[in-house]
Amino acid sequence: MAKKTKLPTELICLSDDDDDEDNNNHVNSKSRTTPLKQKESVTIVNNSSNDALNWAIHEKDIIYVSPLPMKYSDVYKKPFEIRCSSVYFGLVQFNVESEVIMMKETEFEMKLTGGFMDNLNIKLAYTDVIKFYFSFESRIPVAFIHVRNEFAILFDQKIPTSDEHGRGFNPASKDEKRRHIIFCLKPLTSDLQRIHLPTIYHFLKTKSPKTDIYCISGTRADELYNLTRFSKASAPTPKKTPFVLNTNDLYVIFFSIHD
């Protein structure tokens, strides 16, 4: 029997924002959704009327985020750690190495492990994020991320998750369970929440001002979590079969999205 060789960490850059040099290959900002100004009732509209109904965010759902204290004013100058236990890309769940996701200058960077693929390092550029809703008040502290479909297509090319009903992660799917990225956040003490909540919010607002970012109530976050994890699919519920990936075929991957 051949001796097993430990594989190097897989670095999968699913967008063209990188930490290198001057970030010359940024995705054109026209590909991102401009946030709506907050009025009496804020409704975020997406690709279908059903989605607009399911993901409507109203004034009562929004938690006001106070400015950061002056002593934390330099938080944007260095990466910030989000405490996170696991990440869902649609139907696919990964554990987070060291339970930390890094918020960097231009991207989320996550080192992930899973039942069918370990040592995975994925970068998600803020330019690929359309919406970011999060809550520490929900039953499971959580962040919901809507991304451009181009990101999900590249994800599926390198991490195959398709079944008889389509791609396991697909923002254009009619099945809510396949459409979103979900960060399952670690619970925080009230003191830590007072630091992390405004830091996450203002960090993203500063780095990605055209992304729709809302801190939402625990009640609304619970509704959205149930929708994304337990809603009935439009097609028959797929059988739970393990995703198979031959580790002998793994290699380091670098690629970009270009408009």
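Residues numbered from 1 in each chain as written. Predicted model: local features only at pLDDT ≥ 70, side-chain atom pairs only at ≥ 80, totals over all residues. Heavy atoms only, no water.

A. Looking closely at unusual backbone geometry. Positive phi is not limited to glycine here, since Ser98 has a value of about 60°. Relative to the helices and strands, Ser98 is located in strand E3 (residues 92–103). Despite not being glycine, Glu99 shows a phi value in the positive range, around 55°. Mapping Glu99 onto the fold places it in strand E3. Here Glu99 falls in the partly exposed class, since its relative accessible area comes to 29%. (Helix = DSSP H or I, 4+ residues; strand = E, 2+ residues; numbered from the N terminus. Buried < 20%, exposed > 50% of the residue type's maximum accessible area, 1.4 Å probe, protein only.)

B. Structural detail: the confidence of the model for the chain. Across the chain, the average pLDDT comes to 76, with 68% of residues at 70 or higher. Confidence drops under pLDDT 50 across residues 16–49; counting only partners more than four residues distant or on other chains, this segment forms 80 contacts. Contacts for the low-pLDDT stretch residues 232–259, under 50 throughout, to residues beyond four places or in other chains number 59 contacts. (pLDDT = per-residue confidence, 0-100. Contact = heavy atoms within 4.5 Å.)

C. Spotlight on the pairing of strand E5 (residues 120–125). The buried count for E5 comes to 6 of 6 residues, which makes it a mostly enclosed element. The alternating pattern of E5 places Leu120, Ile122 and Leu124 on one face and Asn121, Lys123 and Ala125 on the opposite face, and all of these are buried.

D. Highlighting the environment of Ser173. With respect to the helices and strands, Ser173 occurs in the loop between helix H2 (149–158) and strand E8 (181–185). For Ser173, a relative accessible area of 15% gives the class buried. For the pair Ser173 and Gly90, spaced 83 residues apart in sequence, the C-alpha separation works out to 9.8 Å. Ser173 has contacts with Arg178 and Arg179, leaving out every residue within four places of it along the chain.

E. Looking closely at the packing of aromatic side chains. With the rule as written, the count across this model stands at 14 aromatic pairs. With a centroid separation of 5.1 Å and 90° between ring planes, the pair formed by Phe108 and Tyr126 is classed as edge-to-face. In this pair, Phe108 is assigned in strand E4 (residues 107–113) and Tyr126 in the loop between E5 and strand E6 (129–135), connecting sequence segments 18 residues apart. Of the two residues examined, Phe108 and Tyr126, each falls in the buried class. Ring geometry for Tyr133 and Tyr214: centres 6.0 Å apart, planes at 55°, overall tilted. You can see Tyr133 sitting in strand E6 and its partner Tyr214 sitting in strand E9 (residues 212–215), a full 81 residues away along the chain. Across the pair, Tyr214 and Tyr133 agree in class, each one buried. Counting every residue linked through ring pairs, the aromatic cluster contains Phe108, Tyr126, Phe132, Phe134, Phe136 and Phe183. (Phe/Tyr/Trp six-rings, centres within 6.5 Å; stacked < 30°, edge-to-face > 60°.)

F. Quick look at H2. Of all the residues in H2, the buried ones are Phe151, Ala152, Leu154, Phe155 and Asp156. The elements touched by buried residues of H2 are strand E2 (80–89), E3, E5, strand E7 (142–147) and E8.

G. Structural detail: the nonpolar core. Counting residues in hydrophobic clusters, the biggest one holds 44 residues, and the most contacted among them are Val87, Phe89, Phe108, Met110, Phe132, Ile181 and Phe183. If you count residues domain by domain, this core takes at least three from each of domain 1 (62–69 + 77–161) and domain 2 (180–258). Contact partners of Phe108, with chain neighbours within four places excluded, come to Ile82, Ile101, Met102, Met103, Ile122, Lys123, Leu124, Tyr126, Val129, Phe132, Phe183 and Leu204. By size, the runner-up hydrophobic cluster in this structure holds 15 residues, among which are Tyr133, Val142, Tyr214 and Tyr225. (Core = buried A, V, L, I, M, F, W, Y, C linked by side-chain atoms within 4.5 Å. Domains from an automatic or database assignment.)

H. Summary view of the side chain of Asn170. For Asn170, the position within the fold is in the loop between H2 and E8. We classify Asn170 as buried; its relative accessible area is 14%. Ignoring any residue separated from it by four or fewer positions in sequence, one finds Asn170 in contact with Asn149, Arg178 and Arg179.

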